[in-house]
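For reference, the chains in residue letters:
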Amino acid sequence: MISANLSAIFYLISGVLFILALRGLSSPETSRQGNFYGIIGMVIAITVTFLSVGNFSSGFVYVMIFLCVGGVIGAFIAFKIPMTAMPELVAGFHSLVGLAAVFVAISAFINPEAFNLGYPGEIKLASLIEMSIGAAVGAITFSGSIIAFLKLQGIMSGAPITFKGQHLLNALILISIVILTYFLCTSQNSNLFWILIGISFLIGFLLIIPIGGADMPVVISMLNSYSGWAAAGIGFTLENTALIITGALVGSSGAILSYIMCKGMNRSFFNVILGGFGATDQSSKDKNKEQKPVKSGNADDAAFLMKNASSVIIVPGYGMAVAQAQHALREMVDTLKKNGIKVSYAIHPVAGRMPGHMNVLLAEANVPYDEVFELEEINNDFANADVAFVIGANDVTNPVAKTDPQSPIYGMPVLDVEKCKSVLFVKRSLSPGYAGIDNDLFYKENTLMLFADAKKMTEDITKNL
Amino acid sequence: MEIDPFIFRLSIFILSIFVGYYVVWSVTPSLHTPLMSVTNAISSVIIVGAIIAALASDEGSIFTSSTFFGYLAITLAAVNIFGGFLVTQRMLAMYKKKKRDKK
């Protein structure tokens with residue numbers, strides 16, 4: 001048994017180590033060390049908890065068993081998961097944090113003596129409020145992440161699900177959560193606690209179903225933030241500094257990522273949350289659906305164009321992830337580089353299904369990170385480049401965002417692909433992107449469409465180079 | 001007059017939000033995916049609550065309803081801790097600098 005003060009100091013140390021873990025991510029060189037700090041912080045927190053409880057009876061054995069079972073499952077997943085499935089993995093992990101928060105809140109509610117919070121039916125008011133917040137936010141995180149996971153995994157359609165009165169219903173449920181918390185605190189009635197958790201699960205589900213597939217970067221970041229707030233809520237209940245610090249860190253981290261993603265789409269956070277984007281009226285789409293001429297080519301043409309270029313900019317998007325084309329792409333780039341062609345990669349903030357998705361895939365394919373550039377860094381270079389090779393991206397290159405105030409994506413920062421001397425567009429068909437709008441780029445004179453699977457096309461081009 | 005310990009915790013919380021704010025803004029955009037997986041792993045420090053709940057059993061009864069939820073939470077959090085840190089490690093190992101020697 002160690003004293004409460006000593007363990008509080010150790011929790012503080014692990015909180016500081018978690019801050020250093022995030023700090024390490026400011027550059028790839030320090031990032032691995034940062035992750036190591038995070039692991040040490042976790043080990044300290046767990047060890048101190050064992051020592052402060054000081055109960056090494058048979059219960060301890062069971063704790064170790066469950067810890068190992070979970071650990072083995074986690075390690076197995078971590079080694080097996082393909083990098084393209086990272087968004088699903090992160091969504092799945094969020095749901096676990098949320099559910100764990102709910103379970104901890106439940107056991108604190110059933111057995112408050114274990115946490116020094118009073119007695120069943122007479123739980124301290126402040127603790128009960130914190131507990132309810134932790135449980136409710138945890139439940140929302142859980143069910144919301146499950147929906148996000150199903151949508152990303154393709155088990156559930158990525159299309160937004162909307163119905164009449166949706167926002168009103170959500171608002172009513174949110175208000176009822178607040179009212180329930182109030183009555184729970186005044187009556188200490190355990191039934192109210194269960195109802196509270198139940199409707200929190202429901203609202204998490206309802207909040208995420210109207211949000212479409214390409215808005216997932218925002219949703220994942222938002223759920224990341226929620227899982228942090230849930231942890232902080234539990235941290236207040238347990239009076240644990242490590243949890244409070246971590247919850248605040250994770251909460252603000254997720255919030256910042258959501259903000260960055262929203263900005264990348266030029267949409268307000270509420271606009272994304274209210275959902276329904278991309279399901280806009282079909283009529284406006286059909287209206288301008290006259291056939292416009294498109295130039296299409298094959299791998300040979302593409303290889304010819306690139307061979308005669310002196311600089312090429314690659315624009316990857318979600319389609320590259322779907323086709324698992326990142327390795328084939330890197331081989332193509334290697335061949336180009338051997339021919340003395342300068343190649344760089346341009347990444348839009350919302351390319352892919354989660355923040356930094358494309359960067360991870362390129363890193364997996366051994367693309368050095370100093371060849372990969374963010375939108376602001378590279379956008380001026382398009383004018384000087386000979387070829388832009390767009391692979392699996394669409395809306396993020398659409399010049400309409402700069403020219404047509406009527407367009408739903410007007411104002412969104414886009415890559416100035418059209419300024420290149422020629423544009424190669426690898427795409428399976430002419431279908432519009434997620435936003436449901438036509439890309440003017442397809443019909444430009446200097447654009448060559450390559451209709452094929454991204455991976456196969458890149459491989460064919462490499463052969464022809 | 002004595003200050004409620006809650007106020008101290010609230011101060012820690014608010015200051016940590018600010019620390020988080022500045023630290024996360026300095027994270028390079030190319031590492032945003034590892035950022036998400038590592039925040040995932042560290043938020044599983046909620047396991048400390050689960051351990052307290054699981055070990056709170058009175059003599060003899062290892063599985064009461066409250067310890068049961070504790071054990072479940074331990075398992076979930078452990079999946080996340082090991083999974084989160086290891087997958088972050090795996091991702092970060094892939095970020096390399098350009099090699100000097102061009103093959």
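Residues numbered from 1 in each chain as written. Chains lettered and ligands numbered in written order. Predicted model: local features only at pLDDT ≥ 70, side-chain atom pairs only at ≥ 80, totals over all residues. Heavy atoms only, no water.

**Q** Give a detailed account of the sheet that holds strand E4 (residues 342–347) of chain A, specifying residues and quantitative values.
**A** All names here are of chain A. Pairing in this open sheet of six strands is parallel, and the strands run E5-E4-E3-E6-E7-E8 from one edge to the other. The sheet terminates laterally at strand E5 (372–374) and strand E8 (447–451), the two strands that pair on one side only. Adjacent strand axes in the sheet meet at a mean angle of 25° when their direction is disregarded. Bridge count between E4 and E5: three bridges; the pairing is parallel. Bridge pairing in E5 links tyrosine 345 to valine 372. Sitting on the sheet, helix H18 (residues 454–464) touches strand E6 (387–391), strand E7 (422–427) and E8, and the angle it makes with E6 is about 145°. (Pairing = 2+ DSSP bridges. Helix = DSSP H or I, 4+ residues; strand = E, 2+ residues; numbered from the N terminus. Axes fitted to C-alpha atoms, helices over the stretch in contact; angles between N-to-C directions. Contact = heavy atoms within 4.5 Å.)

**Q** Can you explain the nonpolar core? Please cite residues and give values.
**A** Looking at soluble globular proteins, one finds that nonpolar side chains tend to be buried together. All names here are of chain A. One finds Ile314, Phe382, Phe389 and Ile461 to be the most contacted residues of the largest nonpolar core, which totals 185 residues. Among the elements that line this core, the one with the most residues is helix H4 (residues 86–110), at 16 residues. In this structure, Ala232, Phe236, Ile244 and Ala248 belong to the second largest nonpolar core, which totals five residues. (Core = buried A, V, L, I, M, F, W, Y, C linked by side-chain atoms within 4.5 Å. Buried < 20%, exposed > 50% of the residue type's maximum accessible area, 1.4 Å probe, protein only.)

**Q** Residues and numbers for the pattern of salt bridges, please.
**A** One pass over the full model with this rule turns up nine salt bridges over all chains. We note a salt bridge from glutamate 239 of chain A to arginine 9 of chain B, for which the minimum N-O separation is 3.5 Å. Residue glutamate 239 of chain A is located in the loop between helix H8 (216–238) and helix H9 (241–264), and its partner arginine 9 of chain B is located in helix H1 (residues 5–25); the two belong to separate chains. As a salt-bridge pair, aspartate 386 of chain A and lysine 421 of chain A come within 2.9 Å of each other at their nearest N and O atoms. Here aspartate 386 of chain A is found in the loop between helix H16 (375–378) and E6, whereas its partner lysine 421 of chain A is found in the loop between helix H17 (400–403) and E7, with 35 residues between them in sequence. On the basis of relative accessible area, aspartate 386 of chain A is assigned to the buried category, the value being 14%. Among the residues examined, lysine 421 of chain A registers a relative accessible area of 53% and is labelled exposed. Taken together, the shared-partner salt bridges in this structure form one network comprising Lys402, Asp416, Glu418 and Lys419 of chain A. (Salt bridge = Lys/Arg side-chain N within 4 Å of Asp/Glu carboxyl O.)

**Q** Provide a residue-level description of the confidence of the model for chain A, including the pertinent values.
**A** Summary statistics for chain A give a mean pLDDT of 85 and a share of 95% for residues scoring 70 or more. Here residues 279–289 of chain A is modelled with pLDDT under 50, and outside its nearest four sequence neighbours on either side it reaches two contacts, counting other chains as well. (pLDDT = per-residue confidence, 0-100.)

**Q** Account for the pairing of strand E3 (residues 311–316) of chain A, with residues named and values stated.
**A** All names here are of chain A. With six of six residues buried, E3 is to be regarded as a mostly interior element. Taking every second residue as pointing to the same face, both faces of E3 are buried, with Ser311, Ile313 and Val315 on one and Val312, Ile314 and Pro316 on the other. Bridge count for E3 against E4 is four bridges, and the pairing is parallel. Bridge pairing in E4 places serine 311 opposite lysine 342.

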